[in-house]
Amino acid sequence: MLLNIQDLYVHYKSYWYIHKVLNGVWLRMMEGERVGVIGETGSGKTTLLKSILRILPQNAVIPNGMIKFKEIDMLKAGETELSMVRRREIGMIFQDPMAALNPVFKIKDQLYDVIRYKLFAEGYNPTKEELHDHAVKVLNDVKLPDYERVLESYPFQLSGGMRQRVMIAMALISAGKLLLADEPTTNIDVTIQDQILKLIDRLVKQRGLSTILVSHALGMVRQMTDRAYVLYAGDIMEEARTSELFDHPAHPYTSLLISSAPKISTREIGEGIRGKLPDYRSPPIGCRFAPRCPYAMDKCHTIKPKRTIINTDHAVTCHLYE
Amino acid sequence: MSEGLDMYMDYIVSVSDIRKYFTIKEGAVKAVDGVSFSVKYGETLALVGESGSGKTTTGHVIMGFYPPDSGKILYKGTYDLSIPIKKRSLELKREIQIVFQDPGTSLNPKHTVKDIVGLPLRVHGLADSTSVYARVAELLEFVGLGEDFMFKYPHELGGGEKQLVAIARALAPNPSFLILDEPTSALDVSSQAKVLNTLRRIQKEKDISYLLITHDLGVVRNIAHRVIIMYLGKIYEEAPTDEFFRWPLHPYTKMLLSSIPTLTREDEEIKPKGVEAVGEIPSALSPPKGCRFHTRCPFAKPICSESEPPEIVADNGHVVRCWLYE
Ligand SMILES: Nc1ncnc2c1ncn2[C@@H]1O[C@H](COP(=O)(O)OP(=O)(O)OP(=O)(O)O)[C@@H](O)[C@H]1O
Ligand SMILES: Nc1ncnc2c1ncn2[C@@H]1O[C@H](COP(=O)(O)OP(=O)(O)OP(=O)(O)O)[C@@H](O)[C@H]1O
Ligand code: SF4
Ligand SMILES: [Mg+2]
Ligand SMILES: [Mg+2]
């Protein structure tokens, strides 16, 4: 097993309150697997990815849980071990490229650093020329034109999609084993997106890279993943092979989410799921989706449902299936 | 794309032949290179295109963050928008608003959501200290955020929540013209549907016009009345939305539509087939001669790399620039 997350809780502390976000999340994946995570805005997807790399914001606490990457216990690992993992094993494409890039350094300096650290970690000390050649190669891979200009630019001089591609390039350098992609292509047009997704797929096949893709673009998740998890308000509601999840969603939340997707074949917009995410300061004690669920029964409001296996590789967390 | 001068009055914003180059050590980045379009009252015009083709720059020029190098922008037929934002009247500043592409960096990290959304209300005298809370709550409700967000700081928000706050802030001063730069890129499909419905409703009630910059063709389909396609600083196609999806003309547009990863069979069927995304993305410092798309175009003819394609006016307000239709 490449990654094994069990019973993970993440809370955010603010001055007055505790926001209880992740509520016992699990996720398991094998080497070479492509896994998707979908769920509404604010469900905790970014929180989940950041906890894998142990880069949560300072006000976050992990009261309970286990994250095992290969043989490494990520929640107990020391700083040296973690930085080894971050430099050469797990790369992350961040949702907000502007926040991930340093505004006062040129792209060149930031990219060279990532390459240098990775090569250092492998016991090699590259020359300036090697750094430059490597940087040009990765920028080409992510279809960035004008690479000399890009290298000499500050982040604000690039367009949104160009910054995003720089970040993808950086993540791919460090992703020896696992790529965490958090909304990786939101600012890129679909023709370039298509080419980048093909590149990632090639790396999956050639290097045996594994990927976790978080995206609101359900069509992309369908195309790019083998298995997918549905996260709602900090709880895994469903997991299945991707095609099965989209063709035969079992959890009421999954069905409602999928049917809200905008279509290019009609002008109709769905209504969206009625209601909103719970207040994480005092989330529902039963099923966190109960207040919005059209099928909710009495026990849904009082008892937390358990993971129930309904088919090969298909599990659902819902009282309707217990 | 070309409109007679007498038609300016029908449009809330008309942009004619604007250019914006950025000069850097390596040369001039021709971000916007002769772009013309107009937005009608109460209309949603989608600005779609390649990443780096100058969409954000076009929006920022209209906002007055930097003046165009050349060309003219008129607001309501009379106000000159090539003057910088600092020199615009308070009323004009209120009427033209923008939702930035990077919502994270546009929210003041030291302010709570209530102060962020409340600021434009106070600046424009639309609420005082007693009424501001209720109005902010109402705006948050419009975008689907509860009152529990009032006292959060930007760093305590998820990606989509920042975007929702940015939209609420832009709607606060009751704008007449709103530029939405990738407004729903971080939103899940359910929150997105709610926001799009809200934007549509406000448009109907207030006759507000939107310039919608987006890579999401599903969103375009659902709220835009017309679409323009930009590629490397220039406009290559313009059409009413239905027409655009049914009969895309430009090869780049066909490539775009055929690259959308779809979810349903109906969507798969409407896509043009067999225009695979390949080829080298050209440089904005020295754009290809002739048609700027020819380096990636599967249908390119010899003339395409020689001279700029002419503007062809087809039926139903459909305009394309491509040698194939000559
Ligand atoms: N540093 C923080 N302090 C307090 N609350 C936070 C913090 N970071 C995130 N949150 C809250 O935790 C919840 C989950 O956030 P997260 O960013 O993980 O969601 P997400 O699923 O990635 O959403 P999106 O799809 O919008 O990116 C949200 O309600 C958010 O407001
Ligand atoms: N301040 C600046 N200095 C130098 N070049 C710039 C500046 N702002 C933008 N550019 C360049 O202008 C071109 C157009 O950028 P713009 O942000 O308008 O593209 P866009 O169409 O919005 O792309 P995206 O879809 O990726 O957001 C890009 O090549 C970009 O690098
Ligand atoms: S003008 Fe030529 S290169 Fe340009 S899109 Fe048309 S066929 Fe392709
Ligand atoms: Mg997120
Ligand atoms: Mg942009």
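Up top you'll find the structure we're talking about.
Everything in this summary refers to the structure shown in the same document. Nothing here was measured: the structure is a model prediction, and the numbers come from that model.

### Here's the deal with the overall build of chain A
Scanning chain A for helices and strands turns up 11 helices and 12 strands. The C-alpha radius of gyration of chain A comes to 20 Å, within 12% of the 20 Å expected for a compact globule of 322 residues. With the principal axes as the frame, chain A shows a C-alpha extent of 65 × 50 × 40 Å. Looking at chain A as a whole, 57% of its 322 residues qualify as buried. Residue pairs in contact within chain A that sit at least 24 positions apart in sequence constitute 64% of those at least 6 positions apart. When the accessible surface of chain A is totalled, it reaches about 13100 Å², and 52% of it is carbon and sulfur. Taking the average location of the 42 positive side-chain charges in chain A and that of its 37 negative ones, the two points are 3 Å from each other.

### Digging into the coordination of the magnesium ion (ligand 5)
For the magnesium ion (ligand 5), the full set of protein donor atoms is T56 of chain B (OG1) and Q101 of chain B (OE1), at a range of 1.9 to 2.2 Å. Residue T56 of chain B is located in helix α1 (residues 55-63), and its partner Q101 of chain B is located in the loop between β6 (96-99) and α3 (103-106); the two are separated by 45 residues in the primary sequence.

### Structural notes on the nonpolar core
In this structure, L3, L27, F69, L111, L178, L180 and I212 of chain A are the most contacted members of the largest nonpolar core, which totals 103 residues. Sequence-distant contacts of L3 of chain A, defined by excluding residues within four places in its chain, comprise L27, R28, M29, I52, I67, K68, F69, L178 and I212 of chain A.

### Let's talk about the pairing of strand β3 (residues 34-38) of chain A
Residues and elements named next belong to chain A. Judged by how many residues are buried, β3 sits mostly within the fold: 5 of 5 residues are covered. Sheet analysis places β3 next to strand β8 (residues 210-214), joined by 4 bridges and oriented parallel. Looking at β8, one finds that V37 is bridged to V214. As defined by bridge partners, β3 adjoins strand β9 (residues 227-232) across 4 bridges and the pair is classed as parallel. Note that in β9 the partner of V35 across the bridge is R227.

### Considerations on the coordination of the magnesium ion (ligand 4)
Under perfect tetrahedral coordination by four donors, a metal shows angles of 109.5 degrees; under perfect octahedral coordination by six donors, it shows angles of 90 or 180 degrees. Residue and element names in this part refer to chain A. Around the magnesium ion (ligand 4), the protein supplies T46 (OG1) and Q95 (OE1) as donor atoms, at distances of 1.9 to 2.2 Å. Highlighted residues: T46 in helix α1 (residues 45-53) and Q95 in the loop between β6 (90-93) and α3 (97-100), separated in sequence by 49 residues. Judged by relative accessible area, which is 23%, T46 ranks as partly exposed.

### Overview of unusual backbone geometry
One non-glycine residue, R54 of chain A, adopts positive backbone phi at about 60°. In this structure R54 of chain A comes out as partly exposed when scored by relative accessible area, which is 32%. Here the phi dihedral of L232 of chain B falls at roughly 45°; this positive angle occurs in a residue that is not glycine. In this structure, L232 of chain B sits in the loop between β9 (226-231) and β10 (234-240).

### Some remarks on the packing of helix α4 (residues 113-123) of chain B against helix α6 (residues 159-171) of chain B
All names here are of chain B. It is at 7 Å that the axes of α4 and α6 come closest, and there the two elements cross at 25°. In terms of orientation, α4 and α6 fall into the roughly parallel class. Where α4 abuts α6, its residues V113, I116, V117 and P120 lie against V165, A168 and R169. Partitioning the contact of α4 with α6 into residue classes produces 6 nonpolar, no polar and 1 charged.

### Regarding the pattern of salt bridges
What the rule picks out here adds up to 41 salt bridges over all chains. Across the pair K68 of chain A and E71 of chain A runs a salt bridge, and its minimum N-O distance is 4.0 Å. We classify E71 of chain A as exposed; its relative accessible area is 69%. The partner of K276 of chain A in a salt bridge is E141 of chain B, and the shortest N-O contact between them spans 3.4 Å. Here E141 of chain B lies in helix α5 (residues 132-142) and K276 of chain A lies in the loop between α11 (252-259) and β11 (307-311), a pairing that spans two chains. Taking relative accessible area as the criterion, E141 of chain B reaches 47% and is therefore assigned partly exposed. Here the salt bridges do not stand alone but share partners, grouping K106, K108 and E152 of chain A together with K25 and E26 of chain B into one network.

### Examining the site of ligand 3
Within the structure, ligand 3 sits among H250, P251, C291, F293, H294, C297, F299, A300, C304, C322, W323 and L324 of chain B. Of the residues assigned to the shell around ligand 3, the class counts are 10 nonpolar, 2 polar and no charged.

### Side note on a nonpolar patch on the surface
All names here are of chain A. On the surface, Y295, M297, I310, L320 and Y321 cluster together to form a nonpolar patch covering roughly 440 Å² of accessible area. Mapped onto the secondary structure, L320 falls in the segment after β12 (314-317). The class of L320 is partly exposed, set by a relative accessible area of 43%.

### Here's the deal with the packing of aromatic side chains
Ring pairs (aromatic) are described by centroid distance and by the angle formed between their planes. Inspection of the entire model under this criterion finds 13 aromatic pairs over all chains. Both rings, one in F22 of chain B and one in Y66 of chain B, keep their centres 5.5 Å apart while their planes meet at 85°; by these two values the pair is edge-to-face. Taken as a pair, F22 of chain B in strand β1 (residues 11-24) and Y66 of chain B in the loop between α1 and β4 (70-75) lie far apart in primary sequence, 44 residues in all. Residue class for Y66 of chain B comes out partly exposed when judged on its relative accessible area of 23%. Between Y231 of chain B and Y236 of chain B, the aromatic rings sit 6.5 Å apart at their centres with planes inclined by 75°, giving edge-to-face as the arrangement. Both residues of the pair, Y231 of chain B and Y236 of chain B, belong to the buried class. Ring pairs connect the aromatic residues Y231, Y236, Y252 and F293 of chain B, which therefore count as one cluster. The ring centre of Y17 of chain A lies 4.5 Å from the NZ or CZ of R281 of chain A, which sits over that ring. In this structure, K30 of chain B is placed above the aromatic ring of Y21 of chain B, and the distance from its NZ or CZ to the ring centre is 5.8 Å.

Each value, and the rule that gives it
Residues numbered from 1 in each chain as written. Chains lettered and ligands numbered in written order. Predicted model: local features only at pLDDT ≥ 70, side-chain atom pairs only at ≥ 80, totals over all residues. Heavy atoms only, no water. Helix = DSSP H or I, 4+ residues; strand = E, 2+ residues; numbered from the N terminus. Rg over C-alpha atoms; globule rule 2.2 N^0.38 Å. Buried < 20%, exposed > 50% of the residue type's maximum accessible area, 1.4 Å probe, protein only. Contact = heavy atoms within 4.5 Å. Areas by Shrake-Rupley, 256 points an atom, 1.4 Å probe, with all protein chains shown as cover. Lys, Arg positive; Asp, Glu negative; His and termini not counted. Charge placed at Lys NZ, Arg CZ, Asp CG, Glu CD. Donors = N, O, S within 2.8 Å, 3.2 Å for Na, K, Ca; no water. Core = buried A, V, L, I, M, F, W, Y, C linked by side-chain atoms within 4.5 Å. Pairing = 2+ DSSP bridges. Axes fitted to C-alpha atoms, helices over the stretch in contact; angles between N-to-C directions. Parallel < 35°, antiparallel > 145°, perpendicular 65-115°, else oblique. Nonpolar A, V, L, I, M, F, W, Y, C, P; charged D, E, K, R; others polar. Salt bridge = Lys/Arg side-chain N within 4 Å of Asp/Glu carboxyl O. Near = heavy atom within 4 Å. Patch = residues over 30% accessible without salt bridge, like charges linked within 9 Å, V, L, I, M, F, W, Y side chains within 5 Å. Phe/Tyr/Trp six-rings, centres within 6.5 Å; stacked < 30°, edge-to-face > 60°. Lys NZ or Arg CZ within 6 Å of the ring centre and 35° of its normal.

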